[in-house]
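Listed below, chain by chain, are the residues.
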Amino acid sequence: FSSLDDWNTEAGRYVPDTSVRRLLVANKIDLADQRIVHAAEAKAFAEELEMPFVEASAKNDTNIDKIFQLLAKSIITSVNLDQDRDPDIIQLRNNSSNRSKKPCCGS
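Keep in mind it's a predicted model, so treat the numbers as computed, not measured.

**Student:** Would you mind showing me how to read unusual backbone geometry here?
**Tutor:** Glycine aside, the phi torsion of most residues is negative, and most peptide linkages are trans. One non-glycine residue, Lys28, lies in the positive phi region at around 60°. Among the secondary structure elements, Lys28 is positioned in the loop between β1 (24-26) and α2 (39-48). For Lys28, a relative accessible area of 52% corresponds to the exposed category. In the Ramachandran plot, Asn63 falls in the positive-phi region, its phi being about 65° despite a non-glycine side chain. With relative accessibility at 32%, the residue Asn63 sits in the partly exposed group.

Here it is in structure tokens:
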């Protein structure tokens, strides 16, 4: 946790584009008795950097889906979509006309 500020600064140096999505995840919340950083401290840090904060546990399957949903929604929202589209709805397009008609294995 103590290195997060440096990592964030360094990432911004190499990828200054604000379209890069970042999310702070407190993992292994199932090990509450071993917690070093309190949730309030991590949440305040995430708010300072204007990024979402989620507590999660892969072991207990706590908020794993939420992490991916937040990232996906953030990415979709950042893409230049029509303003009247709902970011909760993803429309898939069939671009088969742009693909080669050859089989995948070249036969």
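Don't stop here, the text continues.
**Student:** Please clarify how a nonpolar patch on the surface should be interpreted in this entry.
**Tutor:** A cluster of nonpolar side chains, namely Tyr14, Val15 and Val20, defines an oily patch on the protein surface of about 290 Å² accessible area. Mapped onto the secondary structure, Tyr14 falls in helix α1 (residues 4-14). According to the relative accessible area criterion, Tyr14 is exposed, its value standing at 62%.

**Student:** What's the story with a negative patch on the surface in this structure? I'm lost.
**Tutor:** Side chains of Asp5, Asp6, Glu10 and Glu48 sit close together on the surface and give a patch of like negative charge. Tracing the backbone shows Asp5 in helix α1. Asp5 gets classed as partly exposed once you look at its relative accessible area, which sits at 38%.

**Student:** Looking at this model, I keep getting lost on the nonpolar core. Mind explaining?
**Tutor:** In terms of nonpolar packing, the biggest core is built from eight residues, these being Leu4, Leu24, Ala26, Ala42, Phe45, Ala46, Met51 and Phe53. Of all the secondary structure elements, the ones that give two or more residues to this core are β1 and α2. Among the elements that line this core, the one with the most residues is α2, at three residues. If sequence neighbours within four positions are ignored, Phe45 has contacts with Phe1, Leu4, Asp5 and Leu24.

What counts and what doesn't
Residue numbers here run from 1 along each chain, matching the order of that chain's written sequence. Given that the model is predicted, a residue must reach a pLDDT of at least 70 before its local features are reported, and side-chain atom pairs must reach 80 or more before they are shown or counted; all residues, however, enter totals for whole chains, interfaces and linings. Values reported for side chains reflect all heavy atoms of the structure, with hydrogen atoms and water molecules removed beforehand. The way it works is that DSSP assigns letters per residue, a run of H or I at least four long becomes a helix, a run of E at least two long becomes a strand, and they are numbered from the N terminus. Categorising residues by exposure relies on relative accessible area from a 1.4 Å probe, with only protein chains included: less than 20% of the type maximum marks a residue as buried, more than 50% marks it as exposed, and the intermediate range marks it as partly exposed. Note that patches include only residues with greater than 30% relative accessible area and no salt bridge, and the join distances are 9 Å for like charges and 5 Å for nonpolar side chains (Val, Leu, Ile, Met, Phe, Trp, Tyr). Using a 1.4 Å probe, accessible areas were evaluated by the Shrake-Rupley method; residue-level cover was limited to the displayed protein chains. A pair is scored as a salt bridge if a Lys or Arg side-chain nitrogen falls within 4 Å of a carboxyl oxygen belonging to Asp or Glu. In this count, Lys and Arg are taken as positive residues and Asp and Glu as negative ones, while His and the chain termini are left out. Here the site of a charge means NZ on Lys, CZ on Arg, CG on Asp, or CD on Glu. Definition of nonpolar core: a set of buried residues of the types Ala, Val, Leu, Ile, Met, Phe, Trp, Tyr and Cys, connected through side-chain atoms within 4.5 Å. The contact definition used throughout considers only heavy atoms, calling two residues in contact when any of these lie within 4.5 Å.

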